[in-house]
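# Chain and residue survey
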Amino acid sequence: MKKISLGCIADDFTGATDLANNLVRAGMRVVQTIGVPDAPLGADVDAVVVALKSRTVPPEQAVTQSLAALGWLQAHGAQQIYFKYCSTFDSTARGNIGPVTEALMDALGTGFTVATPAFPDNQRTVFKGYLFVGDVLLSESGMQNHPLTPMVDANLVRVLQSQTQRRVGLIEHRVVARGEAAVRERMAQLQAEGVGVAIVDAVSNEDLLRLGPALRGMPLVTAGSGVAIGLPANFGITPSDQASRLPPAAGLQAVVSGSCSLATNRQVQDFIQRGHPAMAIDPLRMASGVDVAAEVLAWAGPLLADGPVLVYSTADSGDVKAVQGRLGVDEAGALVERTLAAVARGLVQRGVRQLVVAGGETSGACVQALDITQLQIGPQIDPGVPWCHSILPPRPALPVLAAPQGGVADLGAARRSSGATDDDGLHLALKSGNFGSDDFFTKAFTMLA
Ligand code: ADP
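Described in the following lines is the structure provided in the data block.

Basis of the calculations
- Residues numbered from 1 in each chain as written.
- Predicted model: local features only at pLDDT ≥ 70, side-chain atom pairs only at ≥ 80, totals over all residues.
- Heavy atoms only, no water.
- Salt bridge = Lys/Arg side-chain N within 4 Å of Asp/Glu carboxyl O.
- Helix = DSSP H or I, 4+ residues; strand = E, 2+ residues; numbered from the N terminus.
- Buried < 20%, exposed > 50% of the residue type's maximum accessible area, 1.4 Å probe, protein only.
- Core = buried A, V, L, I, M, F, W, Y, C linked by side-chain atoms within 4.5 Å.
- Domains from an automatic or database assignment.
- Contact = heavy atoms within 4.5 Å.
- Pairing = 2+ DSSP bridges.

### Remarks on the pattern of salt bridges
- A complete count under the given rule lists 20 salt bridges for this structure.
- With a shortest N-O distance of 2.7 Å, Glu295 and Arg285 are connected by a salt bridge. Taken as a pair, Glu295 in helix α10 (residues 292–300) and Arg285 in helix α9 (residues 283–287) lie far apart in primary sequence, ten residues in all.
- Of the residues examined, Glu295 reaches a relative accessible area of 30% and is grouped as partly exposed.
- The partly exposed category is assigned to Arg285, whose relative accessible area is 35%.

### Concerning the nonpolar core
- Grouped together as the largest cluster of nonpolar side chains are 117 residues, with contacts concentrated most on Leu23, Tyr82 and Leu355.
- When residues of this core are assigned to their parent elements, the largest contribution, seven residues, is made by helix α12 (residues 329–349).
- Residue assignment places this core across two domains, with domain 1 (6–239) and domain 2 (246–448) each supplying three or more.
- Ignoring sequence-local partners within four residues, the contact set of Leu23 consists of Leu6, Cys8, Met28, Val30, Ala47, Val49, Ala228 and Pro232.
- Listed in part, the 19 residues of the second largest apolar core include Phe119, Leu310, Phe440 and Ala444.

### As for the environment of Leu148
- Locating Leu148 in the fold gives a position in the loop between β8 (136–137) and α4 (156–161).
- Separated by 57 residues in the primary sequence, Leu148 and Ser91 have C-alpha atoms spaced 8.3 Å apart.
- If near-sequence neighbours (up to four positions away) are discounted, Leu148 is found in contact with Thr56 and Thr92.

### Section: the sheet that holds strand β6 (residues 124–127)
- As summarised here, the arrangement of the three strands in space is β6-β7-β8, forming an open sheet in which the pairing is antiparallel. In this open sheet, the two strands that pair with only one neighbour each are β6 and β8.
- Two elements, β6 and strand β7 (residues 130–133), share four bridges in a ladder whose sense is antiparallel. Among the inter-strand pairings, Phe127 is bridged to a residue of β7, identified as Tyr130.

If you want it as structure tokens, here you go:
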């Protein structure tokens, strides 16, 4: 197998896909793996993105997982390592951005790296070290109320300094605007002053493209997904349609949505208003012991042949709070994730081969239930969300669910009538909550056609 150029470690699932998407757009062929791979890669690629679930676990666990990913990437020849976190710098008071960055620096034997979550395509910009989401500071963007990673300070130098032993500095926009030589000069100056990690300002894609060449040869880069647009050129790679080519799509179409973000609420409404069949699922019925997944699959079965269907727990914040009040936040989330994962698996067993999943945690649960371990990254649907393609695991690895009506033989018949075989693989779009235009679901299927 060819050695990989760029080895990436992402701290969550849809974030990994977001990074992979930017690398593909810049011309790299990319595979995303679910966790550290234990099987060979299915294809020759320029970059591998190892998707971890390390954003909010205790820092020691995040470090252990990240070092395991680093070991695999190094063993496969990675010339540069990219630690990817969220473009809103999601972290807790203990980390994990700081501790993971330091552990990777130690393992790579490097004394200096950069950090920037800037992603101008999605309105995340950094100026004078302050992170803006659209027109407002991070700490006024709603992220200050995030249940797991409340971001109450928009000054990234301060935030990162509170998570790391190394000194944190700043490469200001006026330096970035002057290009590679100025950035390299500033990096040398900061290192001489004892700085180990430098936050980098960037307010536009042009800034990120100017930053790219200055990062050539740096053992470790830490960033959101934005910086990725400027790195492939360092390896002699230029944008090309070839990089995002996936096998042709076949089979039935469905959307599974467990995201309650504002954008997803709008997307669900848009899909319903266009007249597509949709079924809402109720967490309280799940909690009362009803087999909601079986009900959904019985409803969806006959409809699938006529076009895409939507299954959603998506609700507005008032409804979500009411459910969480009754069941508890974790229990409500876990119940819904389990149910939607069973739905996703049942849909694939019934011949769905084009599946959109909305929600980061929901995507993680569905991909696990489908036993997917590697995704080849294809063309972008909207910023941060590409179509991906996964070879389905051999049939025995995808145990057949108890069929709600009829038996296992009916599932085989449904799959045959869909025209899909396991050889076709599964086209999958994993949409992080707040990404995508209002017509995202229909746009995604139109694009694949
Ligand atoms: P996003 O990317 O929008 O944050 P996630 O899937 O990551 O979406 O997170 C949404 C969480 O909310 C999941 O744990 C999901 O199971 C849970 N959830 C979804 N619908 C409901 C609901 N109606 N009531 C309570 N919790 C819900």
